[in-house]
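Next come the chains, spelled out residue by residue.
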Amino acid sequence: MVQTDRQVRLTILSFAMGAFAIGITEFAAMGLLPYYAADLGVSEPQAGHAVSAYAIGVVIGAPVLAVLGSYLPRKLLLILLMIYFAVTNIFTALASGLDSMVISRALAGLPHGAFLGIAMLLAAEMSPPGKKAAGVASVLMGLTVANIVGVPAAGAIGQYFGWRWCFVLVAVIAMGCAAMMARVAPRDTQDGPAVSPLRELSALASRAMWLALGVGAIGFGAVFAVYSYFSAALIDNGAPEWSIPLALSLFGVGATAGNYVAGRLANWSQFGGTLVLLLGMVATTLLYAAVMGNWVAMSLAVMALGLTAGIVIPIQMRLMEVAGNGKTLASALNHAAFNAGNAIGPWLSGLGLAAGYGWYITGLAGAVLALGGIVMLGFAWIDSRPGRGHAIPAQ
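Throughout this document, residue positions are counted from 1 along each chain, in the order its sequence is written. With pLDDT at 70 or above as the cut-off, local features in this predicted model cover only qualifying residues; side-chain atom pairs require 80 or more to be listed or tallied, and sums for whole chains, interfaces and linings still use all residues. Heavy atoms from the whole structure form the basis of all side-chain values; hydrogens and water molecules are not counted.

Here we come to the overall build of the protein. Scanning the protein from terminus to terminus reveals 17 helices and zero strands. A principal-axis box enclosing the C-alpha atoms of the protein has dimensions of 60 × 45 × 35 Å. Partly exposed residues are those whose accessible area sits between 20% and 50% of the maximum for their type, while under 20% is buried and over 50% is exposed, using a 1.4 Å probe and protein chains only. In the protein, buried positions account for 56% of the 395 residues. Residues are treated as being in contact if the distance between any of their heavy atoms lies within 4.5 Å. Within the protein, counting contacts between residues at least 6 apart in sequence, those at least 24 apart form 84% of the total. Just so you have it, the protein exposes about 15900 Å², and 70% of that area is on carbon and sulfur atoms. On the protein, the mean spot of the 17 positive side-chain charges and the mean spot of the 13 negative ones are 13 Å from each other. Only runs of H or I of at least four residues qualify as helices and only runs of E of at least two qualify as strands under DSSP, and these elements are numbered from the N terminus. All accessible-area figures derive from a Shrake-Rupley calculation using a 1.4 Å probe, and residue coverage is judged against the displayed protein chains alone. We count Lys and Arg on the positive side and Asp and Glu on the negative side, and we leave His and both chain ends out. The location of each charge is read from NZ of Lys, CZ of Arg, CG of Asp or CD of Glu.

One rule of thumb: low pLDDT means the predicted coordinates there are not for detailed reading. Per-residue confidence for the protein gives a mean pLDDT of 84, with 91% of residues at or over 70. Of all helices and strands in the protein, the one with the weakest mean pLDDT is helix α8 (residues 197–201) (60), whereas helix α13 (residues 270–290) scores best (95). pLDDT is a per-residue confidence score from the predictor, ranging from 0 to 100. Segment residues 189–194 is flagged for pLDDT under 50; beyond a separation of four residues in sequence, or across chains, it makes four contacts in the model. Of the regions scoring below 50 in pLDDT, residues 391–395 engages in 16 contacts with residues more than four places distant in sequence or in other chains.

This part covers the pattern of salt bridges. For this document, the term salt bridge refers to a Lys or Arg side-chain nitrogen within 4 Å of an Asp or Glu carboxyl oxygen. A full pass over the atoms with the stated rule returns three salt bridges. Linking Asp39 and Arg164 is a salt bridge whose minimum nitrogen-to-oxygen distance equals 3.0 Å. Residue Asp39 is located in helix α2 (residues 33–40), and its partner Arg164 is located in helix α7 (residues 164–184); the two are separated by 125 residues in the primary sequence. When its relative accessible area of 45% is taken as the criterion, Asp39 is described as partly exposed. What makes Arg164 partly exposed here is its relative accessible area of 26%. Across the pair Arg207 and Asp383 runs a salt bridge whose closest N-O atoms are separated by 2.4 Å. Placement of the pair is Arg207 in helix α9 (residues 207–219) and Asp383 in helix α17 (residues 360–383), with a sequence separation of 176 residues. Residue Arg207 is classed as partly exposed on the basis of its relative accessible area, which comes to 38%.

Okay, a nonpolar patch on the surface next. What goes into a patch is any residue over 30% in relative accessible area without a salt bridge, connected to like charges within 9 Å or, for nonpolar side chains (Val, Leu, Ile, Met, Phe, Trp, Tyr), within 5 Å. Together, Leu76, Leu80, Ile83, Tyr84, Val87, Ile90, Phe91, Leu94, Ile103, Leu107 and Met175 give the surface a local cluster of nonpolar side chains, amounting to about 920 Å² of exposed area. Counting only elements with at least two residues in the nonpolar patch, the list comes to α4 (74–93) and α5 (98–126). Ranked by residues supplied to the nonpolar patch, first place goes to α4 with seven residues. Exposure remark for Ile83: the relative accessible area of 32% places this residue in the partly exposed category.

What counts as an axis is a line fitted to C-alpha atoms, over the stretch in contact for a helix, and the angles between N-to-C directions run from 0 to 180 degrees. Closest axis-to-axis distance for the helix α12 (residues 243–268)/helix α14 (residues 295–306) pair is 6 Å, and the angle between their directions is 30°. The orientation of α12 relative to α14 falls into the category roughly parallel. Between α12 and α14 lies a crossing of right-handed hand. Counted together, Ser243, Ala247, Leu250, Phe251, Val253, Gly254 and Ala255 of α12 and Trp295, Ser299, Val302, Met303 and Gly306 of α14 form the full contact between these two elements. Grouping the amino acids of the contact of α12 with α14 by side-chain chemistry returns eight nonpolar, four polar and no charged. Reported orientations rely on four angle classes, namely roughly parallel under 35 degrees, roughly antiparallel over 145, roughly perpendicular from 65 to 115, and oblique for the rest. Helix crossings get a hand from a simple test, with the near helix turned counterclockwise from the far one by less than a right angle marking a left-handed crossing and a clockwise turn marking a right-handed one. Under this grouping Gly is polar, as are all residues other than the nonpolar Ala, Val, Leu, Ile, Met, Phe, Trp, Tyr, Cys and Pro and the charged Asp, Glu, Lys and Arg.

Before going further, it helps to spend a moment on α2. Three- or four-residue spacings in an α-helix give side chains the same orientation, since the helix completes a turn every 3.6 residues. Among the residues of α2, Leu33, Tyr36, Ala37 and Leu40 are the ones counted as buried. In an axial view of α2, the angular spread of the buried residues amounts to 105°, which keeps them on one side of the axis. Looking one or two residues beyond α2, the residue adopting positive phi is Gly41, at roughly 70°. The directions considered for the arc are those from the helix axis to the C-beta atoms.

In this analysis, the protein atoms alone were mapped onto a 1 Å grid. Cavities are point sets where a 1.4 Å probe fits without being able to get out; pockets are open sets with protein on both sides within 12 Å along at least five of seven lines; lining residues have an atom within 4 Å of a point. Grid points are joined across faces, edges and corners, and a volume is the space filled by probe spheres set on the points. In total, this model carries three cavities of 30 Å³ or more according to the counting rule given. Lining the largest cavity we find 19 residues, and of these Phe27, Leu143, Phe220, Phe224 and Ala309 sit closest to its centre. For the lining of the largest cavity, the elements supplying multiple residues, two or more each, are α1 (5–31), α6 (132–160), α10 (221–227), α12 and α16 (327–354). Here the lining of the largest cavity gets four residues from one element, more than from any other, and that element is α6. Grouping the constituent residues of the lining of the largest cavity by class yields 11 nonpolar, seven polar and one charged. If you go around the second largest cavity, the residues you meet are Ala212, Val215, Gln270, Phe271, Thr274, Pro314, Ile315, Arg318, Leu377 and Ala380. Elements represented by at least two residues in the lining of the second largest cavity include exactly α9, α13, α15 (312–322) and α17. Residue composition of the lining of the second largest cavity, by class: seven nonpolar, two polar and one charged.

Here it is in structure tokens:
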């Protein structure tokens with residue numbers, strides 16, 4: 001089926017809309033935590049279980065839905081995932097207690113990785129040669145824009161209208177995404193699914209794939225080592241209350257610009273681009289630790305850290321090369337890996353904070369994880385040398 005440039009642009013825009021909805025529900029849930037903790041009558045640490053439940057849902061759902069979903073045409077699968085996402089966010093809005101809140105968040109996390117992985121894969125396939133990374137970056141733009149407007153908007157909604165309305169808004173956006181995809185996305189080029197579940201699972205035998213995922217899981221943990229404690233560090237270092245949403249938005253501004261940069265770097269070199277971004281993480285996390293105590297400088301350092309968040313793009317391009325017939329599974333696992341980084345980063349920073357070190361330890365923890373990502377990238381590069389690679393050729 002011949003696709004016009006307009007159809008390609010609108011289709012990728014519909015994917016970005018879904019990413020925007022996912023970004024709001026993932027990141028804004030952190031900002032809404034005090035509101036739903038108070039409403040449900042639980043402590044903030046207890047309410048934090050809902051945030052963890054979403055991440056667990058992502059890690060579980062990404063590979064499972066990618067494999068089971070291979071029975072369906074990819075356009076239909078994406079539409080169904082967004083409809084399901086909308087329904088589960090309505091469940092969150094209707095939660096009557098902590099248990100129902102945690103369950104609804106875990107369920108809402110299930111389609112996260114599969115949707116983004118498949119959407120990024122299709123965006124790359126629909127883009128002309130030399131611009132495939134730009135197609136991936138366009139989808140991810142929805143996530144970064146969600147950080148710019150979604151996080152502060154969630155705080156405003158929680159304060160003035162109630163936290164439940166934020167999840168209703170996410171459901172509305174998700175349904176709009178599903179409707180737009182149904183209208184503009186092209187049908188699959190062949191009848192039925194592109195590959196079988198067993199052929200998708202063949203990607204699990206690729207050592208190159210696991211090494212690339214390891215780079216993302218360890219390296220991207222650097223971002224969350226800092227970001228997860230950023231608001232608390234700002235408050236403790238004298239930042240006025242009005243500055244918190246603005247500072248959080250600065251990270252989104254940096255990440256939005258970083259997606260563009262990462263797309264260019266990925267087109268230049270997958271390994272080289274990833275290395276540049278990891279080195280950027282090392283530099284900016286160390287800078288963050290060095291300026292601790294000056295909330296303005298801290299905010300600017302975090303914006304600079306956001307420039308490196310596009311590392312998902314060169315890793316995605318690498319996965320598409322080495323996964324053979326398991327591209328859908330590999331793309332979904334990419335987001336599971338980055339959510340693993342969402343757990344590793346705060347855990348390592350938390351160890352330092354619990355040991356009595358100051359907020360600067362979160363920056364040092366981030367630098368350690370970024371360096372770990374560089375080491376893993378070195379192993380991946382060595383493995384890619386002729387005669388050593390374990391990519392699985394497409395059949």
